[in-house]
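For reference, the chains in residue letters:
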Amino acid sequence: MAELAGPWPPPAGAYAEERELFRLLQNMLEELIIHQPDDPIQFMINHLKQNNDDAPRICVLGPPASGKTTVALWLCKRLGAVRISQETLLFKEALALTEETKAYKERKEKIPNALWASLIQERLSNVDCIKQGWILEGFPENQEQAWILQSSGIIPRHVVVLYAPDAVLIERNSGKRIDPITEEVYHTTFDWPRDMLIQERLVKPEDPSEKEISKKLLEYHRSFPGIFQVYQKVLKSINADQPSMDVLSQVLTYVQTRHRSAAPFTPRIVFCGPPGSGKSLQAALLAQKYGVVNICCGQLLKEIVAGKTKLGELVKTYIDSGYQVPDKLVMKILTERLNALDCMTNGWVLYGFPRDVEQGEQLQESHFVPNRVFFFNLPYESIVERLSQRRIDPVTGERYHTTFRPAPTPEIQARLRQNPRDKEENIEMCVESYYRNIKELEDFYEDAFYVNADQDPFAVFEFIESCIIKPLPCKKFKSS
């Protein structure tokens, strides 16, 4: 029975991370606290049935003429979400509170914040918003609206705030045109359509005068700090005074990011790359900063041999004869190391294994599933330059490089030696061996990150660090 039992907690931890159980529980707990249902169990069952935790919940805010409508319409097309704005709520929806809200508008009275919030809440409770998600355009307008929406359980995951100089916004407002069929917004100077049919049907909206727009801008600037205070943890400001495609690209990138979770995370990292690509340096930097266990497969085998155990003697026979150590033997040694308490507690970064898809499958079958995989890319010329010029001082063991780190004195320079494996013909063989198997391994790890290793090591580290910290895209699992 002991042989059949798998290591714990790696399989359980990997399963929880892969299926995002912690995030699921966190979302349910948030919903329970917000809505406080009389029957929590039934509420959670209904919540799970809706399966809408990843549906967009976005607010697009900004001063007048900043491009909110353009951004909201474009996001709706890309994400399949429902757009909610003042216009849609007042003129395109048959809601219980629509007529009451319209009455304020007709009397040219300010619509109360509580009424706007109730109208939004009524609209967002519809099935299409629950399933497809929603994009609130121009809401909330002030801090009071934001607080009322939050108290009603309407909490956006992403808040996009567009900004531009007031002079630019005033100029934009005067040239604004709307397509009555598609509702897309154009501009006589900055964004005029090429299609003649669209040009002919464009209409000038009943926008406020320059004096009125200046007044609205002043109101916006007064109210925005309060909104920022409420949403600062999920808010992103984007400069709207640039080409529209750049704005839309930045908005989409932000709303597709996932916020960091409070769920426990144990790093299980694999570095793959040709010799000389900097895997050992990056692993050392990660271990130094985050306390993960640094595991080099080749070094691990040397340590086993040095231990003079029966297993070490068996490995030594392969190494001395120049043969590759069998995968089963390597996996036995790796399994023992990765099951150690420090690896299970602090996480690990592994390089030198796997080298091909068969080894990757063996690692997975042994329940060591990496949650971050990095492939280092480096041109052949750079590999040769890095490795062929490496030298070692046989007296001190210090390593040097004839270009990047030359010996400090002629005496040390005279006694430097080159490792035979760093000769160009041996480097070529190692690189060919790496690229012979790497394509299938890249396909195996489809969610891997690709690192440009031909740059400053600390720039490489910053990229790797950012990929480890940010959550991965959500996966959908089919029920078996």
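The preceding data block contains the structure.
Treat the numbers as computed from the prediction; the structure is a model and nothing was measured.

(A) Up close: the overall build of the protein. Counting secondary structure elements, the protein contains 23 helices and 14 strands. Relative to the compact-globule value of 23 Å for 480 residues, the protein shows a C-alpha radius of gyration of 30 Å, a clear excess of over 25%. Across its three principal directions, the C-alpha atoms of the protein cover 95 × 60 × 40 Å. Long-range contacts, defined as pairs at least 24 residues apart, comprise 71% of the intrachain contacts of the protein with a sequence gap of at least 6. A total of about 27600 Å² of accessible surface is found on the protein, and carbon and sulfur atoms cover 54% of it. Distance from the positive charge centre (58 side chains) to the negative charge centre (65 side chains) of the protein: 2 Å.

(B) Structural view of the pattern of salt bridges. Scanning the model with the defined rule gives 14 salt bridges in all. Measuring nitrogen to oxygen at the nearest pair gives 3.2 Å for the salt bridge that ties E109 to R107.

(C) Molecular detail of the packing of helix 16 (residues 310-321) against helix 17 (residues 327-338). With their axes 12 Å apart at the nearest point, helix 16 and helix 17 run at an angle of 140° to one another. Between helix 16 and helix 17, the angle is such that the two are oblique. Crossing of helix 16 against helix 17: the hand is left-handed. Along its contact with helix 16, which presents L311, L314, V315 and Y318, the element helix 17 presents L329, K332 and I333. Across the contact of helix 16 with helix 17, the residue classes tally to 6 nonpolar, no polar and 1 charged.

(D) Quick peek at a negative patch on the surface. Taken together, the side chains of E358, E361, E365 and E440 present a region of like negative charge at the surface. As for its position among the elements, E365 is in helix 19 (residues 357-365).

(E) Structural view of the packing of helix 14 (residues 279-290) against helix 23 (residues 457-469). Packing of helix 14 against helix 23 brings their axes to within 10 Å, and their N-to-C directions diverge by 60°. Between helix 14 and helix 23, the interaxial angle falls into the category oblique. Two packed elements cross with a definite hand, and for helix 14 against helix 23 that hand is right-handed. Across from L281, Q282, L285, L286, K289 and Y290 in helix 14, the residues of helix 23 making contact are P457, F458, V460, F461, I464, E465, I468 and I469. A breakdown of the residues in the contact of helix 14 with helix 23 according to their chemical character gives 11 nonpolar, 1 polar and 2 charged.

(F) Molecular detail of unusual backbone geometry. Between F139 and the following residue, P140, the backbone shows a cis peptide bond with an omega angle of -5°. When you line up the elements, P140 lands in the loop between strand 3 (134-137) and helix 9 (143-151). In this chain, F353 is followed by P354 through a cis amide linkage whose omega measures 0°. Assignment of secondary structure puts P354 in the loop between strand 10 (348-351) and helix 19. Positive phi, normally seen in glycine, also occurs at A65, with a value near 70°. In this structure, A65 sits in the loop between strand 1 (57-61) and helix 4 (68-79). Despite not being glycine, K108 has its phi angle at roughly 60°, a positive value.

(G) The sheet that holds strand 1, seen in detail. Spatially, the 5 strands line up as an open sheet ordered 2-3-1-4-7, and their pairing is parallel. A strand with exactly one partner marks an edge of an open sheet, and here the two such strands are strand 2 (82-84) and strand 7 (235-239). Taken pair by pair, the neighbouring strands of this sheet meet at an average axis angle of 20°, ignoring direction. One ladder, built from 4 bridges, connects strand 1 with strand 4 (residues 158-163); its direction is parallel. Bridge pairing in strand 4 places C59 opposite V159.

(H) Representation of helix 22 (residues 424-444) in the model. Along its 21 residues, helix 22 runs 30 Å from first to last C-alpha, staying within 8% of the 30 Å computed at 1.5 Å per residue. If you look at helix 22, its biggest bend is around 45°, right at I438. Packing partners of the buried residues in helix 22 comprise strand 8 (268-272), helix 19, strand 11 (372-377), helix 20 (380-388) and strand 14 (449-452).

How each quantity is defined
- Counting starts from 1 at the beginning of each chain's written sequence and moves along it residue by residue.
- Given that the model is predicted, a residue must reach a pLDDT of at least 70 before its local features are reported, and side-chain atom pairs must reach 80 or more before they are shown or counted; all residues, however, enter totals for whole chains, interfaces and linings.
- As a convention, hydrogens and water are excluded, and side-chain values are obtained from all of the structure's heavy atoms.
- Each helix is a run of H or I in the DSSP string that is no shorter than four residues. Each strand is a run of E no shorter than two, and both are numbered from the N terminus.
- Our radius of gyration looks at C-alpha atoms and nothing else; its globule reference is 2.2 Å times the residue count to the power 0.38.
- Throughout, a residue-residue contact means that at least one pair of heavy atoms, one from each residue, lies within 4.5 Å.
- Residue burial considers only the protein chains on display, and all accessible areas are found by Shrake-Rupley using a 1.4 Å probe.
- Counted charges follow a simple rule, with Lys and Arg positive, Asp and Glu negative, and His plus the chain ends left uncounted.
- Lys charges are placed at NZ, Arg charges at CZ, Asp charges at CG and Glu charges at CD.
- Salt bridges, as used here, are contacts in which a Lys or Arg side-chain nitrogen is within 4 Å of a carboxyl oxygen on Asp or Glu.
- Axes here mean lines fitted to C-alpha atoms, for a helix over just the part in contact, with angles spanning 0 to 180 degrees between N-to-C directions.
- These descriptions rest on fixed angle ranges, namely under 35 degrees for roughly parallel, over 145 for roughly antiparallel, 65 to 115 for roughly perpendicular, and the rest for oblique.
- When the near helix sits turned anticlockwise from the far one by under a right angle, the crossing is termed left-handed; a clockwise turn instead gives a right-handed crossing.
- Amino acid classes used here: Ala, Val, Leu, Ile, Met, Phe, Trp, Tyr, Cys and Pro are nonpolar; Asp, Glu, Lys and Arg are charged; the rest, including Gly, are polar.
- Patch membership is restricted to residues that have no salt bridge and whose relative accessible area is over 30%. Joining uses 9 Å for like charges and 5 Å for the nonpolar side chains Val, Leu, Ile, Met, Phe, Trp and Tyr.
- Paired strands, as defined in this entry, are two strands with at least two bridges between them according to DSSP.
- To estimate the expected span of a helix, count its residues, drop one, and scale the result by 1.5 Å.
- The angle between axes fitted to the seven-residue stretch ending at a residue and the seven-residue stretch beginning at it gives the bend at that residue.

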